[in-house]
Structure formats: structure tokens, C-alpha cells
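# Descriptive analysis of the structure
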Amino acid sequence: MKVLVVAGTGTGVGKTVVTAAIAAITRAAGRRVAVVKAAQTGVAPGEPADLAVVGRLSGVDDLHELARYPEPLAPETAARHAGTGSPGMGEIAAHVTALVGRDLVLIEGAGGLLVRFDEAGTTIADVAQVLGAAVLIVAGAGLGTLNVTALTAEAVRTRGLRCAGVVIGSWPDDPDITARANVTDLPVYARAPLVGALQEDSGRLWRQAFLRRARDGLAPSLGGSFNASRFAHKTARLRVEVSP
Ligand SMILES: Nc1ncnc2c1ncn2[C@@H]1O[C@H](COP(=O)(O)OP(=O)(O)OP(=O)(O)O)[C@@H](O)[C@H]1O
Ligand SMILES: [Mg+2]
């Protein structure tokens, strides 16, 4: 069983959509895939959250949300506000380890890599370490992404974790000069390959169209056909000449 931690440079960068894309490709290949969201914050009981998005987009129904808190805070803080405990290393690792029979388990983090899950300070990086999982970094496309991507990748390396590469979670239909330049710079800052870029409307597609988009937007290492140098070449050609 392979375990992949889908971590982000922060919240709202597209971890859920990227997780759904990998899940969709894996499912379509006839492989058994489970998706784990260790702690979901900012949603009320019964409300659809990240795993509902993953299920809708990918068709995968082997979904595991270990805890949920109403406040849109980091899990440890949200649990404190709710006056309850939160799943730490033991519970998360035990749950994932019990998912025997799956070919792939995807674990979506909460917010960025070093967000705390419990009072002991467990992070999704610690979870990756204990489970021997590689870490995929989902990054933004635009201004400000280079530094946070470099910091996240450095934290991954410092912990001796394997980095599965960087995916741009949401690639704009009309990329500005920053986004286009970032295609070249992101792998340099991360010291890891660019292994995908998902078009910004992907999360609104229905299942078959989403699967095609997932294959186009993710590299062969994630089951798709994305080619980083072709993508860089294509985006460079998008450059619009600005008249003086
Ligand atoms: N490729 C995409 N296509 C369509 N929508 C996207 C895409 N990437 C991100 N979004 C939208 O941007 C928002 C944030 O994306 P997403 O929920 O995947 O982020 P996240 O990193 O999982 O955040 P969180 O830390 O809350 O889990 C969502 O509303 C999502 O629908
Ligand atoms: Mg999410």
C-alpha cells in the first residue's frame, strides 16, 4: 500500500482538487484508493466538506474524515475552541495503517505543512514521517508562491521526507506574467520537479471531464500525461506583447 500526503503551502491552494484528481486517475486505472482528511475545520456537522468534493469529482467513496470542528481554525486550535480533543499521531497513523487492501491512500493535510493537529504539536509532516509517505506540495500559481513553496520544500527535506514534487493547484485561464514566470521558477525554488498544474475551472467539471482534466494536469508519476517542459514552453508562448 502506497501512502501519499497531499500537503500545501497554505490553505485554499487546491489540495482538495489535486487530491480528487489523483484519486480519479487511480480509480479509473482500476486501483483501490482511499482518501483521508485527518481533521476538517470550518464546517458544521452534516455539511459537505473536502471529502464530499473528492467524492463528487472522482467517484471514490472510500473516504475517511477523522474529526470535524466548526471553527475555521487550525485543527488543534479548533478542537480547543470546541472543548474536545483532536486526532494526533497515534490515531491518524492507526487509521491509515488499518486501510489494508488499498493500493493507494491519499492523506490531505489541513492548511499548510506545519499546521498543528494536536497539543503534542503533530503536523502532517510528522504523519508522513511515521508512515514513510512521500509529500506532494500543492502550491499557488501567482505572486507570493515562490517563497512559501521554497519554505515548505525545505521543511520537507529537513525532515528527511521524500518530496513527490510540486503541483500548481489552480492554473489560471488567463495567466499573468507572474504565473507564467513561476512555471519555470517553482521547481528551482522547491528543488523538486513540477508534477502538475490543474486548470482553474477543473473543480467545477463533472466526472468524465474532470478525469480528462486530471490526466492532462498531472505528470506520469501521478498517473497523468502532464509534461512540465512542454507546459513551460506553452506558457512562455502565451506572452502578450504590451505596446509601449
Ligand atoms: N483547479 C481548480 N479548479 C476549480 N476550483 C479550484 C481549483 N483549485 C482550487 N479551486 C477552488 O479554490 C478553493 C480552494 O481550493 P481547495 O479547497 O482545493 O483548497 P485546499 O488547499 O484544499 O484548502 P483547505 O486548506 O481548506 O483544505 C475551492 O473553492 C476550490 O473549489
Ligand atoms: Mg482542502
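Presented here is an overview of the structure given in this document.

Cut-off values and rules
Residues numbered from 1 in each chain as written. Chains lettered and ligands numbered in written order. Predicted model: local features only at pLDDT ≥ 70, side-chain atom pairs only at ≥ 80, totals over all residues. Heavy atoms only, no water. Pairing = 2+ DSSP bridges. Helix = DSSP H or I, 4+ residues; strand = E, 2+ residues; numbered from the N terminus. Axes fitted to C-alpha atoms, helices over the stretch in contact; angles between N-to-C directions. Contact = heavy atoms within 4.5 Å. Donors = N, O, S within 2.8 Å, 3.2 Å for Na, K, Ca; no water. Buried < 20%, exposed > 50% of the residue type's maximum accessible area, 1.4 Å probe, protein only.

Take the sheet that holds strand E1 (residues 2-8) next. Strand pairing in a sheet relies on backbone hydrogen bonds, with the paired strands running either antiparallel or parallel. On the basis of which strands lie adjacent, the open sheet formed by seven strands has the order E4-E2-E6-E1-E7-E8-E9 and parallel pairing. What marks the edges here is a single partner per strand, and that holds for strand E4 (63-65) and strand E9 (194-199). Sheet twist, expressed as the mean angle between neighbouring strand axes with direction ignored, is 20°. Two elements, strand E8 (residues 163-171) and E9, share four bridges in a ladder whose sense is parallel. Bridged to valine 167 within E9 is glycine 196. Against the sheet, helix H1 (residues 15-28) engages E1, strand E2 (33-37), strand E6 (104-112), strand E7 (134-139), E8 and E9, with an angle of about 175° to E6.

Turning to the coordination of the magnesium ion (ligand 2), a few remarks are in order. Here the magnesium ion (ligand 2) is held by the protein donor atoms Thr16 (OG1), Asp50 (OD) and Glu108 (OE), which lie 2.0 to 2.2 Å from it. Within one chain, the residues serving as donors to the magnesium ion (ligand 2) are arranged as T-x33-D-x57-E. A residue pair is termed long-range when its members are at least 10 positions apart, and aspartate 50 in helix H2 (residues 50-58) and glutamate 108 in strand E6 qualify at 58 residues. Each member of the pair, aspartate 50 as well as glutamate 108, is classed as buried.

So, on to the environment of isoleucine 137. Structurally, the position occupied by isoleucine 137 is in strand E7. Residue classification places isoleucine 137 among the buried residues on the basis of a relative accessible area of 0%. Remark: the alpha-carbon pair of isoleucine 137 and serine 86, spanning 51 residues in sequence, is separated by 24 Å. Apart from the residues lying within four places of it in its own chain, the contact partners of isoleucine 137 are Ala7, Thr9, Thr152, Ala153, Val156, Cys163, Gly165, Val166 and Val167.

Just geometry here; none of it tells us what the structure is for.
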